[in-house]
Structures are given as C-alpha cells and as structure tokens.
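# Summary of structural features
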Amino acid sequence: MLKKVKNVSLILCIVLLLGIFSGANAAAEKTKISFMLWDEVQSPVFETIIGKFMEANPDIEVELQLTPWNQYWTKLDAAAGAGTAPDVFWMNVFMPKYTDAGILEPLDSYIEKDGLDKSAWVPAMMELYSDKGVQYGMPKGMDVVVVAYNKGIFDKYGVEYPKEGWTWDEFVAKGAELRDKIAEKGGEEYPLAMEIDEPQPSYLQLLVQEGLKIYSDDGLTTDLNDPKAVKPFADIVKLMDDKILPEYKILSDTKATDLFISEKAAMLYVGSWKSSVLDSASFAKNIGLIPMPTRENNHCALGGISYSMSASSKNKEAAWKLFSYLSGPESNRIQAEARIEIPAYIAVQDAYGPTFQNIDGSIFIEQSKSAVKYPVHRAIATTTQIISDNAAAIFSRTVTPEEGVAKMAKEVQAAIDEYNTTMK
C-alpha cells in the first residue's frame, strides 16, 4: 500500500512539474513585435492603446519604440538595411522611397482577407498611402487647414465676422476692412497672419485651390509650369503690399500662430495640429473657426501620417493584428478624445469636436470633406526644399513671383528628371 501511495505521489509531482513547464512554455511562446513612432507627446496615448491591444491579444507582446524625429529616419533606414526594421512603424509622405526599396509590406491581401471596407476611411488619406495601385499604409489620422479669427478684434473695430462659403475676394476685402479700421483707431494688430515659411498652412493650399496637383499622376512632370501657379504666390505678396499680411521678415522672426495667440493678428490660416494651442489660448472662447475661402475650388490638401509594416517582419500575422487595431475605430477614438489627431476613420470623427472646451473642432471635419491628398512625389524630399527656397525668395521680394515660380518649376522638373533617370 505504501508503495502505491509513493507511486501516486510521484505521478502527481510529475503532473505538477509538467504543468509548470507547460505554463512557462506558453508564456515563452508569446509573439513579440515592435512598433516605432517619433512623437513623445503622443507616446503616452499610444502606451494606453497598446495596453488595450495586448489585453485583447494576450498572446502578443508589443514593444513600443519612441525614436525622436531627428533620429527616426536614420534609425529606420539602418534597421531596414539590416533587415531588422520594426514590425510596424509610422510613415509619412516619404513613403515612395520605401516602397521602391521593397521595405514596406503590401497590405491589399490582408485587407481583402479581413474583408475591410476601404471606404470606412477618408478617401484622400487612403489614396495618399497607396502607390501604383497598391496599399502600403493605413491612415493614422489627418491634418486639415482652416481659418481662425479673433472675435474680440473684429468686435473692437466693428467688423462683421466672416461667413462660411466666403470667396478669396471676400477674404481679401475683410482683411482690407480690418486694416483700415485698425489704422483709423490707431491700433497695432495685423489683419492676417500666415505661416508662409511652411507650405501646408499657406501657399500649398492656394496652389491646390487653383486646381494644381504640383506633380503629374505619372510622376514625370510638375504643373508648377502652369501659368496658374504664379497666382498663389503673387496673391500672398499682394497681401503684404496691401498691409493686410505682415512683411516676410516679421513672419520669419515670429511664428504666425504666435502672433495670433498673442492677439496681434485678427485672422490666421491654421493647421489642425495647432488646435490644442488655440483651445488653450487666453481668449479661446473668442476664437471662431471657418473653412478656407474658395478660390477656383475649396479643396484642402490633406496631410497626415500612416502605419506601415516591414516587409522583413518575421511575425506578419501578429503585426497585421496590431496594424488593423491601430488604424481601426477604437484606436482612432482614443486618439480623437486625447485631441492628438483628427480620425481618418470616418465613423468615429464625431469624437473629435466635443473634446474641445472652447473652439468648434467640428470645422476641421467639415473642411476635410472637400479634401484631396497632399501632393506627393518620389523626389519629394528634394522638391519640397526647392519649392520652399524659391517661395522664400518671392516673399522676401528678392525675385518677382513670375521669376521665382519659373525658377521653382525648372528646378523641380530637374529634380524629377534626375530621380526618374536614377531609378531606370
């Protein structure tokens, strides 16, 4: 009998040990994937998002890699070259460079397998991260440009607030009225501020509103050669000539947004990425938002970043699970409620506007409805610098708008030709 008890005890010990080893192996079998981003402000929000993902997927462990912007692309390039790129990472308009190098995983088969409806996301953002008909990124969110105005300054000088549906001519007339009434009362405010040192919240929008794409669909030419390309730059110079917009030196020394926040400007072309700054301004309850004035059209060039997957990932199924969660409704809603992003996932856009205490965030959503994708080319890193340098020469009056745009178009075309020749 004692022998039988000993045998039973031995068996029980073995079973317990097997259970322990089995549990250890189960823990060790967790699939580990990495996710890289560059924004330290957004990092805590993504820690929450990743935490929720891992709760729902206990078999997957995600390592969040925060890499500052000034190191991000160098680190990504080096890791991609060594075949050790993060499984999932943020991507911007540099994407074509990475698709050409075979670094990004095509996503169409995953989208099809999961039966995802692409129309659930803002079309312009899906298009922005599609290359030659292949989807390489899913939108994280989007950037929108609108016009902000200080109701207090308008009231002070007896000027009516702008009305939705206004045209460029009405916008200029409003600026001229402010200029005259400010001067009449000895005020020092500027009628308008615009960050003309950056394309997206200024002349890029005007170019798009002239019906220009900047780059042809086949990537071989630039429509900066179109005579209409001169008008946006000439119009901005005229705003300075007419004392509606501060001189280039002032806008170079002081950010336009800072002029507006310090109540030294009545109106501001502003990107949604500054929405929290507006909402926390000392006069935030007096800030009105309105879609941009219409030129030939009222399109808004939508920017924004995406999630991309490494083609060299060793755990693509797990990476796709994370990927689809990050770009899906719950993650988009968390980001919207944290005010770090306008959702590109249409069904949860209603979560963005109500998060603001003072400004009407729904105007950003409204403007996005007339959106086209941000102009992208494979040589964009070079061409963006060319455009910015020539724009600065125009705005500082070193050259005329006609001369500056002609030089800009010539240099952009040369960069396009050089890239296309190199890639043959």
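The preceding data block contains the structure.
This is a predicted model, so every value here is computed, not measured.

Assigned secondary structure in the chain consists of 18 helices and 13 strands. Considered along the principal axes of its C-alpha atoms, the chain spans approximately 110 × 55 × 35 Å. Taking all 424 residues of the chain together, the buried fraction comes to 51%. Taking as baseline every contact in the chain between residues at least 6 positions apart, the subset at least 24 positions apart corresponds to 74%. Within the structure as shown, the chain displays about 19,400 Å² of accessible surface, and the carbon and sulfur contribution to it stands at 55%. Across the chain, the 42 positively charged side chains and the 59 negatively charged ones have centroids separated by 5 Å.

Looking now at the environment of Cys 300. Tracing the sequence through the fold places Cys 300 in strand S11 (residues 300-302). Assessed through its relative accessible area of 0%, Cys 300 is described here as buried. For the pair Cys 300 and Ser 368, spaced 68 residues apart in sequence, the C-alpha to C-alpha distance is 6.6 Å. Discounting chain neighbours no more than four positions away, the residues touching Cys 300 are Val 144, Val 145, Gln 205, Met 292, Gln 367, Ser 370, Ala 371 and Val 372.

Looking now at the packing of helix H10 (residues 230-241) against helix H18 (residues 401-423). It is at 9 Å that the axes of H10 and H18 come closest, and there the two elements cross at 140°. What the angle tells us is that H10 and H18 run oblique. Taken as a pair, H10 and H18 cross one another with a handedness that is right-handed. Contacts between H10 and H18 pair Val 230, Phe 233, Ala 234 and Val 237 from the former with Pro 401, Glu 402, Val 405 and Met 408 from the latter. Among the residues forming the contact of H10 with H18, the class breakdown is 7 nonpolar, no polar and 1 charged.

Before going further, it helps to spend a moment on the nonpolar core. Counting 137 residues, the largest nonpolar core has Phe 35, Tyr 269 and Phe 395 as its most contacted members. Among the elements that make up this core, the one with the highest residue count is helix H14 (residues 316-326) (7 residues). In this view, Tyr 269 contacts Val 145, Val 146, Val 147, Trp 168, Phe 171, Leu 192, Ala 193, Met 194, Pro 201, Leu 206, Met 292 and Pro 293; residues no more than four positions away in its chain are not counted.

So, about the pattern of salt bridges. If you walk through the whole model with that rule in mind, you get 26 salt bridges. Notably, a salt bridge pairs Glu 105 with Lys 316, separated by 3.0 Å at the nearest N-O pair. Of this pair, Glu 105 sits in the loop between helix H4 (95-100) and helix H5 (108-114) while Lys 316 sits in helix H14, and the two are 211 residues apart along the sequence. Exposure remark for Glu 105: the relative accessible area of 11% places this residue in the buried category. Given the relative accessible area of 25%, Lys 316 is considered partly exposed. Among the salt bridges present, the one from Glu 195 reaches Lys 274, with a minimum N-O distance of 3.4 Å. A residue pair is termed long-range when its members are at least 10 positions apart, and Glu 195 in the loop between strand S8 (190-193) and helix H9 (203-209) and Lys 274 in the loop between strand S9 (265-271) and helix H13 (275-279) qualify at 79 residues. No difference in accessibility class separates Glu 195 from Lys 274, as the two residues are buried. One network of salt bridges, with partners in common, ties together Glu 210, Lys 231, Asp 235 and Arg 295.

Thresholds, definitions, all that
Every residue gets a number counted from 1 within its own chain, in the order that chain's sequence is written. Reporting in this predicted model follows two pLDDT cut-offs: at least 70 for local features of residues, and 80 or more for side-chain atom pairs to be given and counted; totals over whole chains, interfaces and linings ignore these cut-offs and use all residues. Think of the side-chain values as coming from all heavy atoms in the structure, minus any hydrogens and water. To qualify as a helix, a DSSP run of H or I must reach at least 4 residues; to qualify as a strand, a run of E must reach at least 2; elements of each kind are numbered from the N terminus. Remark: exposure states derive from per-residue accessible area (1.4 Å probe, protein chains only) relative to the maximum for the residue type, with buried under 20%, exposed over 50%, and partly exposed in between. When checking whether two residues touch, look at their non-hydrogen atoms; a contact exists if any pair is within 4.5 Å. All accessible-area figures derive from a Shrake-Rupley calculation using a 1.4 Å probe, and residue coverage is judged against the displayed protein chains alone. Note on charges: Lys and Arg go in the positive column, Asp and Glu in the negative column, and His and the chain ends are not counted at all. For charged residues, the charge sits on one atom: NZ in Lys, CZ in Arg, CG in Asp, CD in Glu. Helix axes are fitted to C-alpha atoms over the stretch in contact, other axes to C-alpha atoms as well, and angles between N-to-C directions run from 0 to 180 degrees. Put simply, angles under 35 degrees are roughly parallel, angles over 145 are roughly antiparallel, angles from 65 to 115 are roughly perpendicular, and the rest are oblique. Crossing chirality is assigned from the near helix's rotation relative to the far helix, an anticlockwise turn below a right angle marking it left-handed and a clockwise turn marking it right-handed. Here the term charged refers only to Asp, Glu, Lys and Arg, the term nonpolar to Ala, Val, Leu, Ile, Met, Phe, Trp, Tyr, Cys and Pro, and the term polar to all other amino acids, Gly among them. Nine residue types can take part in a nonpolar core, namely buried Ala, Val, Leu, Ile, Met, Phe, Trp, Tyr and Cys, and a core is a set of them joined through side-chain atoms within 4.5 Å. A carboxyl oxygen of Asp or Glu within 4 Å of a side-chain nitrogen of Lys or Arg is what we treat as a salt bridge.

Just geometry here; none of it tells us what the structure is for.
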